[in-house]
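Remarks on the overall topology
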Amino acid sequence: MSQPPHQPSPITPGNEAQIATVHRLRQLSHLLDNAVGIPGTRYRIGLDPLLGLLPGGGDIAGAVLSGYIVYSAAKLGLPRETLVQMVSNILFETFAGTVPVLGDLVDVTWKANTKNVALVESHLNVPQPNSKKADKWFVFLLLAGLMLVVIAVAGLSVFLISLVVRLFTGG
């Protein structure tokens, strides 16, 4: 489950900038994945699955916000392997989101942003001794690749929707 954005940070005491960044990432993750409780259940949804309902642009907007978490993680010094894992979480959610109905359910339950913030906090709590901090070009290429894939998936979704509409309207 996600942590509420007001819990104290488990990271290194005294590093106020790091604490502020993690707090901001937690708040963004909460907004994207868990902002609204579903009445009568213990489940929560955020803006990310709602944005995903908008063909094309919603997926891109969600990926940009999710990409910000990855970018911030890179600035905090997370290693390449962790950043790749974070992007993999986003891509899984993006690809699964293309499947009608089932994809929306995956989007509501997978919560890539919550998983990614947990990875950030885990690394900051227990840094990996042999991990190499990702360089700027790696981060740029990783995020650019993420955005290209998301834009391609969004474009394909819009194309398929327009194709189905033309098929049913005879146009």
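Residues numbered from 1 in each chain as written. Predicted model: local features only at pLDDT ≥ 70, side-chain atom pairs only at ≥ 80, totals over all residues. Heavy atoms only, no water.

**Here's the deal with the pattern of salt bridges**
Two side chains with opposite charge may pair up if their charged atoms get near one another. Applying the stated criterion to the full structure yields 2 salt bridges. A salt bridge links Glu121 to Arg26; the shortest N-O distance between them is 2.6 Å. Taken together, the residues Glu121 in helix α6 (residues 112–125) and Arg26 in helix α1 (residues 16–33) connect sequence positions 95 residues apart. As far as the burial class goes, Glu121 and Arg26 line up, both buried. (Salt bridge = Lys/Arg side-chain N within 4 Å of Asp/Glu carboxyl O. Helix = DSSP H or I, 4+ residues; strand = E, 2+ residues; numbered from the N terminus. Buried < 20%, exposed > 50% of the residue type's maximum accessible area, 1.4 Å probe, protein only.)

**Focus: helix α7 (residues 136–169)**
For α7, built from 34 residues, the straight-helix expectation of 50 Å at 1.5 Å per residue is met to within 8% by its first-to-last C-alpha distance of 49 Å. Buried within α7 we find Val139, Leu142, Leu143, Leu146, Val150, Val153, Ala154 and Ser157. The distance from a side-chain oxygen at the start of α7 to the backbone nitrogen of Trp137 is 3.1 Å, and the residue carrying that oxygen is Asp135. Following α7 by one or two positions, Gly170 adopts a phi angle in the positive range, close to 75°. (Expected span 1.5 Å × (residues − 1). Polar contact = N/O pair within 3.5 Å; in protein donor to acceptor, adjacent residues only side chain to side chain.)

**Overview of the packing of aromatic side chains**
Taken as a whole, this structure holds 2 aromatic pairs when the rule is applied. Consider the rings of Phe92 and Trp110, whose centres lie 4.5 Å apart with planes at 55°: the pair is tilted. Within this pair, whereas Phe92 is found in helix α4 (residues 80–96), its partner Trp110 is found in helix α5 (residues 102–110), the two being separated by 18 residues in sequence. Its relative accessible area of 41% is what places Phe92 among the partly exposed residues. For the ring pair Trp137 and Phe140, a centre distance of 5.7 Å and an interplane angle of 90° mean the geometry is edge-to-face. Of the two residues, Trp137 and Phe140 both sit in helix α7, 3 residues apart, roughly one turn of that helix. Take Trp137: its relative accessible area is 63%, and that puts it in the exposed class. (Phe/Tyr/Trp six-rings, centres within 6.5 Å; stacked < 30°, edge-to-face > 60°.)

**What to know about a nonpolar patch on the surface**
A surface patch of nonpolar side chains, about 720 Å² in accessible area, is lined by Leu156, Phe159, Leu160, Leu163, Val164, Leu167 and Phe168. The residue Leu156 is located in helix α7 in this model. Overall, Leu156 belongs to the partly exposed group, its relative accessible area being 47%. (Patch = residues over 30% accessible without salt bridge, like charges linked within 9 Å, V, L, I, M, F, W, Y side chains within 5 Å. Areas by Shrake-Rupley, 256 points an atom, 1.4 Å probe, with all protein chains shown as cover.)

**Observations regarding the packing of α4 against α7**
When two helices pack together, their arrangement is captured by the angle between the axes and the distance separating the axes. Two elements in contact, α4 and α7, have axes whose closest approach is 11 Å; the angle formed by their N-to-C orientations is 5°. Judged on the interaxial angle alone, α7 and α4 are roughly parallel. Contact residues: Arg80, Leu83, Val84, Val87, Ile90, Leu91, Thr94 and Phe95 in α4; Phe138, Val139, Leu142, Leu146, Val149, Val150 and Val153 in α7. In terms of residue class, the contact of α4 with α7 is made up of 13 nonpolar, 1 polar and 1 charged. (Axes fitted to C-alpha atoms, helices over the stretch in contact; angles between N-to-C directions. Parallel < 35°, antiparallel > 145°, perpendicular 65-115°, else oblique. Contact = heavy atoms within 4.5 Å. Nonpolar A, V, L, I, M, F, W, Y, C, P; charged D, E, K, R; others polar.)

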